[in-house]
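Residue-level structure breakdown
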Amino acid sequence: MKYAVYLNVTYKPSIRDPEGETISKDLLGRLGYSVEVRAGKCLVLVIDAQSPEEAASNALKIAKEARLGNPNVHVVEVLKVAPL
């Protein structure tokens, strides 16, 4: 079965996030919203697997091997697994 695995790649909490800081400042300055923003990217991997758990595990393995995030500064996490 095919699954869409949604991966979130973002900076670790201890790492500065210049893009998120810029968005936060803009939201406050232009719209008056005082919020903290952490920017990142969402990747969708379509994977053949026997179960959602296997798809998630394989996606994380692929992300690690392909260095879709730098392990020193990024967190890669599964947000959602959806059957196709």
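Criteria and cut-off values
- Residues numbered from 1 in each chain as written.
- Predicted model: local features only at pLDDT ≥ 70, side-chain atom pairs only at ≥ 80, totals over all residues.
- Heavy atoms only, no water.
- Helix = DSSP H or I, 4+ residues; strand = E, 2+ residues; numbered from the N terminus.
- Expected span 1.5 Å × (residues − 1).
- pLDDT = per-residue confidence, 0-100.
- Buried < 20%, exposed > 50% of the residue type's maximum accessible area, 1.4 Å probe, protein only.
- Pairing = 2+ DSSP bridges.
- Core = buried A, V, L, I, M, F, W, Y, C linked by side-chain atoms within 4.5 Å.
- Contact = heavy atoms within 4.5 Å.

- Going by what an unreviewed UniProt entry lists, the protein is known as Phosphoribosylformylglycinamidine synthase and is assigned to Pyrobaculum aerophilum.

1. As for helix H1 (residues 18–31)
- Across its 14 residues, H1 extends 19 Å between first and last C-alpha, which sits within 8% of the 20 Å expected from 1.5 Å per residue.
- One or two steps after H1, the chain reaches Gly32, where phi turns positive at roughly 80 degrees.

2. Concerning the confidence of the model for the protein
- On average, residues of the protein score 97 in pLDDT, and 100% of them are at 70 or above.
- Of all helices and strands in the protein, the one with the weakest mean pLDDT is H1 (96), whereas helix H2 (residues 52–65) scores best (98).

3. Section: the pairing of strand E1 (residues 2–11)
- Most of E1 is tucked away: 7 of the 10 residues are buried.
- With 9 bridges connecting them, E1 and strand E2 (residues 40–48) associate as antiparallel partners. Each residue of the ladder has a partner; that of Thr10, found in E2, is Gly40.
- With 9 bridges connecting them, E1 and strand E3 (residues 74–83) associate as antiparallel partners. What sits directly across from Tyr6, in E3, is Lys80.

4. Side note on the nonpolar core
- Residues Tyr3, Val5, Leu7, Leu45, Ile47, Ala49, Ala55, Ala59 and Ala63 constitute the largest nonpolar core, which totals 9 residues.
- Elements that contribute at least two residues to this core include exactly E1, E2 and H2.
- Non-local contacts of Tyr3, meaning those with residues more than four positions away in its chain, are made with Leu45, Val46, Ile47, Ala49, Gln50, Ser51, Pro52, Ala55, Val81, Ala82, Pro83 and Leu84.

5. Topic: the environment of Val75
- Inspection of the secondary structure assignment puts Val75 in strand E3.
- The sequence separation of Val75 and Lys12 amounts to 63 residues, and the corresponding C-alpha distance is 5.6 Å.
- Those residues in contact with Val75 that lie beyond four places of it in its chain are Asn8, Val9, Thr10 and Lys12.

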